[in-house]
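Each chain is listed here by its residues.
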Amino acid sequence: MSRSGPPQNEPLWGDIPMDEPAAPSDRSKPPDWALPAWDSLPVEELVAPRPPRQVPAGDSAPPSRPEHRAEPPRAEPLQPEPLRPEPPRAESPRAEPLRPEPAASFALRILQVSEITRAVRDAVRSEAGLRDLWVEGEVGRVTVSSAGHAYFTLKDERSQLACVFFRDDRLSSPFEPRTGLRVVVHGRIDVFESQGVYQLYVAAIQPAGFGDLALRFEALKAKLAAEGLFETARKRPLPDRPAVIGVATSATGAVWHDICHVVARRWPLARLVLSPCQVQGEGSAASVVAALDRLTRWGERCRADGRPEDAPAVVILARGGGSLEDLWSFNDERVVRAVVAHPVPVVCGVGHEVDVTLADFAADVRAPTPSAAAELVVPDRTEVAAVLRELVRRAGGCVAGVVAGAQAELGAEARALDRLQPSAQLAQARERAGYLLDRATRALRGEIGRRAETERRLASRLEPVLLAQLGWRRVALERSSAGLAALGPQATLNRGYAIVRRRSDSLIVRDPAEAPAGERLSVRLAKGEIGAIAAATAADPGPEVAPAPKRGSR
Amino acid sequence: MSDQVATAPAVDAASLTFDEALAELQRTVAELEQGGLALERSIELYERGVALHERCAGLLSQAELRVQRLVERAAGELVAVDARAEEQTD
C-alpha cells in the first residue's frame, strides 16, 4: 500500500476530532503528564464502533524483517477525518465491534487474537499522552528500507522502543538517526496490528540535549553578563610583540600544530609554552581551568625567579571545530571565570567562525579560529622588517640633509678663506671637511643610492628641516665673515704695510724717538716676522729698517 | 672612530634584544629628525641606526621558534621542557 501525497505537517493526532465532547470514562482521564489536548479527547472514539483503521499485514513489519516493510503506510490518517474508511483488508472484516467491551465480557468467551490486538490498540490510542510525545534515548540498530523508511530502536538502560521514521519525514529532517546517538524523538505511539507490536511513529528527531544546552547557554550568558564579565571595558590590550606566548589546548591534534606553524612563520622570535589540556568530554572544563592555572603559576614562578621575560605575556585558549556538545566545556562557568581572572590577556579561538562560546565572550580578544588567534597574537615579521627599513631610510634622509647643509657652508667658508689666504688654516679645514665628507659618503653610500624612490617620498618631509638648517647656517656664516673683515689687520699687512714693535716691551713703534739706534725691533709682515736693530736717526741716509737675516727672507 | 663626539657609551648592537634594538633605533631616528645636529653627530647617529637595523633584521630572518611544554611534577612543581612542534618544517 502506498500513500500518495500525505500531508506533511498535519498533527499526528489529527484523526481525532477535537470538537467531540468529552465523556466520563476511565480512559479519558489524563495521566499526570498528559497534554491539555487530552481533555477534549472524543469519547466516541473510545466507545463507538468504527471502521477498522489498522494497517494491513505486509505493509508494515517489525524491524527484524525490513524486506517486508517496503512501503509501510502511516498508521493513521493524517486528515482530521475520524471515520475515514479505509479499504477493507483481507483479514480485517470483523464480526462485531471490538470496543467497548467491559473487561468482564472478555472473560466470558474465547477471544480472537485480533480482538486482543485491537483492544490494546484502542487502549493505546485513547491515551492522549501517547499521541504526542517526546522521548529521549539512545539509537540502537537502524535499518532503512528500500522505500526509504527508517526503522530503529530507541533504548535506555532498562528498555527499548521500536521506532518508524517514514521516508518523507526522514528526508525533510536535518538530522538522521544513527546508531549510538542520543536523540530526542517527537511522535506518537500506535499499535501495528498485524504484527501485534506497538511502535513509535516518528515525526521529528534531533540530537539530545540541544534544547537543554541552548537554554543553559543563554541562562549562563545572561548571568555572567549581569556580573559584567563580558564588559568591553575590562578587555585588556594585547602586547605588541610578546616574547613568550602561553597556549592552552590539546597537546595532540591539529590545533597545536597550526598555532606553532603560524607563529613560526610570522614571529619566530617568540617562544610558545604549551599547557596541555583535554578540550572535550567529561572533565574537560576542569582540565581547561587547570591548564590556565598552570600558565598563571608558571608566570608567577618566572617573576619570582627574577626572569620576568620568561613569563607568558599573552595566552591563547584554543580548540578545533566540533559539535555543540564538543565545544560545551568552553561554555562552562568555571572556564569563563578562569579566562576573566587570568593575569595576562587571553585570546580565545574555539571552533570555527560560526561557533561562539562563553569563553569567547570572556576573552580579551575573540578569534574566529585557533590559527586566527595565533595571527592576532604576533606581528608579521615581513611587515616589521618593512617598518625597520623605513626608519633607516628616514635616518639616511636626515643625514643627507645635514651633509648638504654642511657642503653649502663649506663652500662659503672656502671662498672666505681663499680671500684671507691662511693656507695652513685652509688646509686643515679642507682636511677636516674631506674627512667628514668621506665618512658621510661611506655611511650614505648604498643606503641612499639603493633607495632613490623612497628619497623622493622623503624629500617632501625633509624639505622644511633642510631649509631651516641651511637658513641658520647661512646666517652664522655671514655674521662671522663680516666680523673677520672688520677686524682684519691682515688685510693691511697684505698690502705691504708692516708693524714694528720694540722687542723689550712689545710697544708698537710710531715715533723714531721710540727706537734709538741699537734698539732691538720686531717687524710683523703679512706672512711672518723678522727681527731688526735700529741703526741711525732719520737724518742719516741709511736704510729705514735693517734687515735681520735671522728668519727667512722674501 | 677616534674623534667620536662624547656620547652615552653605545652597547654593541649585536648584543641587544630585538625590542632593545628597535627602541634605540626609534630614538635615534627621532633625534635625527629633530634636526639642528652637527654633521659629526648626524653621521654618528646614522651609523648607529644602520647597525641597529642590521641587528633587528638579522634577528627577524634568523630566529627559530622555540617551543616548550609545561610539565607538572609530583609536588605541583612546574617545569618548562623544550619540545619540538611537530612538522614545523613546511
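Residues numbered from 1 in each chain as written. Chains lettered and ligands numbered in written order. Predicted model: local features only at pLDDT ≥ 70, side-chain atom pairs only at ≥ 80, totals over all residues.

Trainee: I tried to follow the pairing of strand β6 (residues 244-249) of chain A on my own but got confused; where do I start?
Mentor: Successive side chains on a regular strand alternate, one facing one side of the sheet and the next facing the other. All names here are of chain A. Of all six residues making up β6, six are buried, and the element is well covered by its neighbours. Relative to strand β7 (residues 271-276), β6 runs parallel, the two sharing six bridges. Residue A248 lies in a different strand from β7, and its bridge partner there is S275. Between the parallel pair β6 and β7, the chain is carried across by helix α7 (residues 254-266), and the sense of this crossover is right-handed. Where β6 and strand β8 (residues 314-319) come together, four bridges link them in parallel fashion. Note on β8: the bridge partner recorded for V247 is I316. (Buried ≥ 20, exposed ≤ 12 C-beta atoms within 10 Å, placed from the backbone. Helix = DSSP H or I, 4+ residues; strand = E, 2+ residues; numbered from the N terminus. Pairing = 2+ DSSP bridges. Right-handed = clockwise from strand over helix to strand, strands pointing away.)

Trainee: So what exactly am I meant to see when it comes to unusual backbone geometry here?
Mentor: Comment: phi is negative for the bulk of residues other than glycine, and the bulk of peptide bonds are trans. Even without being a glycine, S506 of chain A presents a positive backbone phi close to 60°. Topologically, S506 of chain A is positioned in the loop between β11 (499-502) and β12 (520-525).

Trainee: Just to check I follow, could you spell out the interface of chain B and chain A for this structure?
Mentor: The extent of an interface is frequently quoted as the accessible surface area lost upon association of the parts. Tallying the contact residues gives 39 residues for chain B and 41 residues for chain A. Elements with a minimum of two residues in the side of chain B that touches chain A: α1 (18-34), α2 (39-62), β1 (66-72) and β2 (78-83) of chain B. In terms of residue count, α2 of chain B provides more of the side of chain B that touches chain A than any other element does, 13 residues in total. In the side of chain B that touches chain A, the residues fall into 21 nonpolar, eight polar and 10 charged. Pairing between β7 of chain A and β1 of chain B: four bridges, direction parallel. Bridge assignment links V273 of chain A to a residue of β1 of chain B, and that residue is Q68 of chain B. (Contact = placed C-beta atoms within 7 Å. Nonpolar A, V, L, I, M, F, W, Y, C, P; charged D, E, K, R; others polar.)

Trainee: Looking at this structure, I do not really get the packing of helix α8 (residues 284-304) of chain A against helix α9 (residues 333-341) of chain A. What am I missing?
Mentor: Two quantities define a packed helix pair, namely the angle between the helix axes and the distance between the axes. Residue and element names in this part refer to chain A. One way to put it is that α8 packs onto α9 with a least axis distance of 8 Å and a crossing angle of 15°. Between α8 and α9, the angle is such that the two are roughly parallel. When the axes of α8 and α9 are compared, the crossing they make is left-handed. Residues A285, A286, V288, V289, L292 and D293 of α8 form the contact with α9, whose participating residues are R334, V335 and A338. Looking at the contact of α8 with α9, its residues break down into seven nonpolar, no polar and two charged. (Axes fitted to C-alpha atoms, helices over the stretch in contact; angles between N-to-C directions. Parallel < 35°, antiparallel > 145°, perpendicular 65-115°, else oblique. Left-handed = near helix turned anticlockwise from the far one by under 90°.)

Trainee: What's the story with the confidence of the model for chain B in this structure? I'm lost.
Mentor: If pLDDT is low for a region, its predicted coordinates should not be looked at in detail. Residues and elements named next belong to chain B. For chain B, mean pLDDT is 80; residues scoring 70 or higher make up 81% of the total. Predicted confidence for residues 1-7 stays below pLDDT 50, and this span has four contacts to residues more than four positions away or in other chains. Here residues 85-90 is a poorly scored stretch, pLDDT under 50, and it has nine contacts once near neighbours within four places are set aside; other chains count. For this predicted complex, the interface confidence reaches an ipTM of 0.82, while the overall pTM sits at 0.50. (pLDDT = per-residue confidence, 0-100.)

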